[in-house]
Amino acid sequence: MSQLVLLADATRSDKRRREMAWKRLLLGNVRFEETEEFLAFKYTFGVMMMWSVLPLLVLFIIGDWSGTNRIGMHGTTVRIYFVTSCLLIWVLRGRKQWFVPVTWAFAGISYLAFISAFMFVPTDELRVVWFYSLVAGTYILLGQQAGMLFTAASIAAVALGNPYQAMPLSVRTMGTTARLSVDCGGCAKLQARAAVPGLPL
């Protein structure tokens, strides 16, 4: 019986070590005080969001390079977005004091990349969806004012760029896009509060 207990303890200890190794790899060697629960949540969420962007960008780059998914001028934007995201991850890992400026930079470059996708990839009928993820992310990571700013900026980008599209979005689609952008912000705040009760959003 004691051997089984020791084996179980060793297994749990090994699992914790693996988890800590992955955490250090992805997030860096960063520590948070008990009073920094909100910052720890946002830091983890933000870094993981940046990491999650990279595989998708790699797929776009490979598709454009191989000719299976040509994205024209947007291909250059995707490459810049990939390099910039890698740089921002490197700057932020293990440096919680850089969270706010790095997150603003990531939100800004994401916004420009999504405008590029909207303007230069007209064959992608769901390209406006990228703006929804930006709105939700900024509400959680940068707060309500930043979320409202990027909501307004996303709606403005679609509205101003739509007349220049080969196949412009209908008025109904434009209205739906604006409504969903606002709803995404509200849903993001509710999910964040559910994850960490008492968040000051």
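This report concerns the structure included in the present document. Keep in mind it's a predicted model, so treat the numbers as computed, not measured.

**Remarks on the overall build of the chain**
Then, in step 1: Broken down by element type, the chain carries seven helices and zero strands.
Then, in step 2: Starting at the N terminus and walking to the C terminus, you meet the elements of the chain as α-α-α-α-α-α-α.
Then, in step 3: The proportion of buried residues among the 201 residues of the chain is 38%.
Then, in step 4: Once local pairs closer than 6 in sequence are excluded, the contacts in the chain between residues at least 24 apart make up 65%.
Then, in step 5: Of the accessible surface of the chain, which amounts to about 12,300 Å², a share of 67% is contributed by carbon and sulfur atoms.

**Description of the pattern of salt bridges**
Then, in step 1: Tallied over the full model, the rule gives two salt bridges.
Then, in step 2: We note a salt bridge from Glu36 to Lys96, for which the minimum N-O separation is 2.8 Å. Of the two residues, Glu36 sits in the loop between helix 1 (2–27) and helix 2 (37–66) while Lys96 sits in the loop between helix 3 (74–92) and helix 4 (99–120), which places them 60 residues apart along the sequence.
Then, in step 3: Between Asp64 and Arg79 there is a salt bridge, and its shortest N-O distance comes to 3.4 Å. In this pair, Asp64 sits in helix 2 while Arg79 sits in helix 3, placing the two residues 15 residues apart along the sequence.

**As for the packing of helix 3 against helix 4**
Then, in step 1: Running from N to C, helix 3 and helix 4 point in directions that differ by 170°, and their axes come no closer than 10 Å. By the angle between their axes, helix 3 is roughly antiparallel relative to helix 4. Where helix 3 abuts helix 4, its residues His74, Thr77, Tyr81, Thr84, Ser85, Leu88, Val91 and Leu92 lie against Phe99, Val102, Ala105, Phe106, Ile109, Ser110, Ala113, Phe114, Ser116, Ala117 and Phe120.
Then, in step 2: By residue class, the composition of the contact of helix 3 with helix 4 is 13 nonpolar, six polar and no charged.

**Quick word on the nonpolar core**
Then, in step 1: One finds Tyr43, Met50, Tyr81, Leu92, Phe106, Tyr111 and Phe131 to be the most contacted residues of the largest nonpolar core, which totals 43 residues.
Then, in step 2: For this core, the secondary-structure elements that each account for two or more residues are helix 2, helix 3, helix 4, helix 5 (129–142) and helix 6 (144–161).
Then, in step 3: For Phe131, the contacting residues outside a window of four places in its chain are Tyr111, Phe114, Ile115, Phe118, Ser154, Ala157 and Val158.

**So, the packing of aromatic side chains**
Then, in step 1: Tallied over the entire structure, the rule returns ten aromatic pairs.
Then, in step 2: Between Phe60 and Trp130 the ring centres are 6.3 Å apart and the planes differ by 70°, which places this aromatic pair in the edge-to-face class. Here Phe60, found in helix 2, pairs with Trp130, found in helix 5; they are 70 residues apart in sequence, far enough to count as distant.
Then, in step 3: Each ring, one from Tyr81 and one from Phe114, has its centre 6.4 Å from the other, and the planes form 90°; the classification is edge-to-face.

**Description of helix 2**
Then, in step 1: The end-to-end C-alpha distance of helix 2 is 45 Å, a good match for the 44 Å that 30 residues give at a rise of 1.5 Å each.
Then, in step 2: Following helix 2 by one or two positions, Gly67 adopts a phi angle in the positive range, close to 90°.

**A word on a nonpolar patch on the surface**
Then, in step 1: Residues Val100, Trp104 and Leu149 make up a contiguous nonpolar surface patch of roughly 270 Å² in combined accessible area.
Then, in step 2: You can see Trp104 is positioned in helix 4.

What counts, and at which threshold
- Residues numbered from 1 in each chain as written.
- Predicted model: local features only at pLDDT ≥ 70, side-chain atom pairs only at ≥ 80, totals over all residues.
- Heavy atoms only, no water.
- Helix = DSSP H or I, 4+ residues; strand = E, 2+ residues; numbered from the N terminus.
- Buried < 20%, exposed > 50% of the residue type's maximum accessible area, 1.4 Å probe, protein only.
- Contact = heavy atoms within 4.5 Å.
- Areas by Shrake-Rupley, 256 points an atom, 1.4 Å probe, with all protein chains shown as cover.
- Salt bridge = Lys/Arg side-chain N within 4 Å of Asp/Glu carboxyl O.
- Axes fitted to C-alpha atoms, helices over the stretch in contact; angles between N-to-C directions.
- Parallel < 35°, antiparallel > 145°, perpendicular 65-115°, else oblique.
- Nonpolar A, V, L, I, M, F, W, Y, C, P; charged D, E, K, R; others polar.
- Core = buried A, V, L, I, M, F, W, Y, C linked by side-chain atoms within 4.5 Å.
- Phe/Tyr/Trp six-rings, centres within 6.5 Å; stacked < 30°, edge-to-face > 60°.
- Expected span 1.5 Å × (residues − 1).
- Patch = residues over 30% accessible without salt bridge, like charges linked within 9 Å, V, L, I, M, F, W, Y side chains within 5 Å.

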